[in-house]
Number of protein chains: 2
Amino acid sequence: MARWDPGAQERLTTAALDLYLEHGYENVTVADIAERAGLTRRSFFRYFPDKREVLFAGSERLPAVLREAVLGADPAAPPLAAVLDACDRLGTQLTEALGHDHVARRRAVIDSSAELQERERTKSAAVSAALDEALRERGTDPATATLVAQVASVAIGQAFRRWSESADASFTDGLHAVLDTLRAALADGDGRPPRA
Amino acid sequence: MARWDPGAQERLTTAALDLYLEHGYENVTVADIAERAGLTRRSFFRYFPDKREVLFAGSERLPAVLREAVLGADPAAPPLAAVLDACDRLGTQLTEALGHDHVARRRAVIDSSAELQERERTKSAAVSAALDEALRERGTDPATATLVAQVASVAIGQAFRRWSESADASFTDGLHAVLDTLRAALADGDGRPPRA
DNA sequence: TCCGTGATGACACTGTGTGTCATCACGGAC
DNA sequence: GTCCGTGATGACACACAGTGTCATCACGGA
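- The name an unreviewed UniProt entry assigns to chain A is Transcriptional regulator, TetR family, from the organism Promicromonospora thailandica.

Given below as structure tokens:
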């Protein structure tokens with residue numbers, strides 16, 4: 001079992017999630033996680049750069065995937081439409097690959113630790129940066145690209161959270177619902193005519 | 001000079017900023033900062049909870065101030081208008097109290113460290129949470145409140161960065177410009193009629 | 001003058017994250 | 001079948017963040 005162990009990383013993630021849920025994130029040491037996974041503390045840091053990252057395994061691929069999806073959208077589509085099109089095509093596929101149970105357990109741990117929420121925001125920022133870059137490559141002017149990317153990242157986060165909390169609505173539907181809400185708030189929101 | 005030293009906290013912040021700029025955030029230890037400020041490593045942690053927070057001194061008051069400003073806005077105003085009104089009244093006052101030089105130096109340090117960017121996003125999230133809470137107290141429905149708060153937080157961040165990079169435009173003007181951009185992107189952005 | 005209070009220094013300790021080296025299993029070369 | 005390169009791991013050792021605890025010292029008031 002010691003040598004040739006392709007499941008070591010997965011064992012670390014499950015061990016970490018279990019221990020975090022059982023004793024609380026701050027009361028679990030890296031040595032605890034490694035021990036339950038049958039590894040050494042030093043080896044933990046060969047799979048993950050730090051104690052927080054173990055909860056976000058795989059998330060490093062999302063920015064690149066989203067970037068490609070946006071670049072693959074209709075070149076004539078306006079920025080937000082391109083992002084939404086990319087989310088429509090990837091959203092269900094991504095959410096289905098995760099599983100509600102695992103997501104819910106992760107959610108509970110993250111919501112209990114400021115440190116983990118900080119890291120989660122970093123992941124969201126990485127998504128935003130990827131969208132930003134993809135939009136610029138499509139020719140969107142930089143200011144609009146950055147803004148649309150950040151707002152889309154907020155909407156994605158909101159929709160994802162709604163999906164994870166109640167499994168009845170699809171991620172894509174939630175995303176469009178969030179944007180409808182935003183549209184309404186923006187339309188009557190600043191006391192100035194919509195077409196200034 | 002040792003006893004009765006009201007300027008200890010400020011000495012720590014300036015020492016930290018100087019050292020971070022001179023040697024890079026990661027190459028500066030808390031002991032270095034404390035020494036330059038004429039204090040002990042242990043005393044540093046009596047003024048700041050950690051090494052990052054020293055760059056954000058005073059920011060803990062912003063959420064409460066914004067909250068009060070939103071609650072003080074016209075009760076009949078729609079959510080986003082209330083937030084913008086609050087920002088209009090506070091924005092210039094806040095930016096003037098900071099000073100371009102200090103903000104620019106801080107910006108350079110933060111942009112050079114992922115750890116500090118993470119903390120900055122946490123500060124932004126605190127602003128968003130305060131806006132969210134204030135809007136709910138005004139009677140805004142929770143979904144709209146959270147969304148408007150997060151989007152406003154993004155807009156504030158964008159406007160603040162623009163202001164800090166070029167001193168020619170006011171913070172308030174930048175904020176409205178950002179929202180105009182967003183309005184335009186949202187209007188033609190999803191390929192669906194604005195009034196679905 | 002004495003004492004309570006609050007800020008500080010000194011010290012010890014846990015835990016994260018990193019560098020370095022020895023070791024061991026595996027697969028391929030011969 | 002034996003030998004060797006490679007890669008993953010364990011075993012230290014270390015710097016540093018952050019925390020608890022206690023002694024000390026200056027200050028202001030009784």
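1. What to know about the interface of chain B and chain A
- In this assembly, 36 residues from chain B lie in contact with 36 residues from chain A.
- When chain B packs against chain A, close to 3,300 Å² is buried across both sides, 62% of that on carbon and sulfur atoms.
- Contact with chain A buries surface across chain B, with Leu147, Arg183 and Leu186 of chain B losing the most and accounting together for 20% of the total.
- Taken together, the connections running from chain B to chain A amount to 2 salt bridges.
- Broken down by secondary-structure element, the contributors of at least two residues to the side of chain B that touches chain A are helix H5 (79-98), helix H7 (114-137), helix H8 (142-165) and helix H9 (171-187) of chain B.
- Grouping the amino acids of the side of chain B that touches chain A by side-chain chemistry returns 17 nonpolar, 9 polar and 10 charged.

2. With respect to the protein's contact with DNA strand D
- Contacts to DNA strand D come from 18 residues, most closely from Thr40 and Arg46 of chain A together with Arg41, Arg42 and Arg52 of chain B.
- Between a base oxygen of DNA strand D and a side-chain N or O atom of arginine 46 of chain A, the distance comes to 2.7 Å.
- Residue tyrosine 47 of chain A places a side-chain N or O atom 2.8 Å away from a phosphate oxygen belonging to DNA strand D.
- When contributions to the surface near DNA strand D are tallied by element, the ones reaching two or more residues are helix H3 (41-47) of chain A together with helix H3 (41-47) of chain B.

3. Let's talk about the nonpolar core
- Within the largest apolar cluster, 60 residues are counted, with the highest numbers of intra-cluster contacts made by Val83, Leu131 and Leu175 of chain A together with Val83 and Leu131 of chain B.
- If we ignore the near neighbours within four places in the chain, the residues touching valine 83 of chain B are Val70, Leu131, Leu135, Val148 and Ala152 of chain B.

4. Regarding the relation of the copies chain B and chain A
- For the match of chain B to chain A, the screw axis carries a shift of 0.0 Å, the RMSD comes to 0.0 Å, and the turn is 180°. With respect to symmetry, the two chain copies, as superposed, fit the operation of a two-fold axis.
- Here 100% of the interface residues in chain B have copies in chain A that are interface residues too; the copies meet face to matching face.

5. Thoughts on the UniProt feature "DNA-binding region" (unreviewed entry) in chain A
- Those residues carrying the UniProt feature "DNA-binding region" (unreviewed entry) are residues 29-48 of chain A in this numbering.
- Within residues 29-48 of chain A, the helical portion is 70% and the strand portion 0%, while the C-alpha atoms at the span's ends are 14 Å from each other.

Rules of the game
Residues numbered from 1 in each chain as written. Chains lettered and ligands numbered in written order. Predicted model: local features only at pLDDT ≥ 70, side-chain atom pairs only at ≥ 80, totals over all residues. Heavy atoms only, no water. Contact = heavy atoms within 4.5 Å. Buried area = accessible area lost by both parts, 1.4 Å probe. Salt bridge = Lys/Arg side-chain N within 4 Å of Asp/Glu carboxyl O. Helix = DSSP H or I, 4+ residues; strand = E, 2+ residues; numbered from the N terminus. Nonpolar A, V, L, I, M, F, W, Y, C, P; charged D, E, K, R; others polar. Near = heavy atom within 4 Å. Polar contact = N/O pair within 3.5 Å; in protein donor to acceptor, adjacent residues only side chain to side chain. Core = buried A, V, L, I, M, F, W, Y, C linked by side-chain atoms within 4.5 Å. Buried < 20%, exposed > 50% of the residue type's maximum accessible area, 1.4 Å probe, protein only. Least-squares fit on C-alpha atoms with pLDDT ≥ 70 in both. UniProt positions renumbered as here; feature names shortened; annotations may be inferred.

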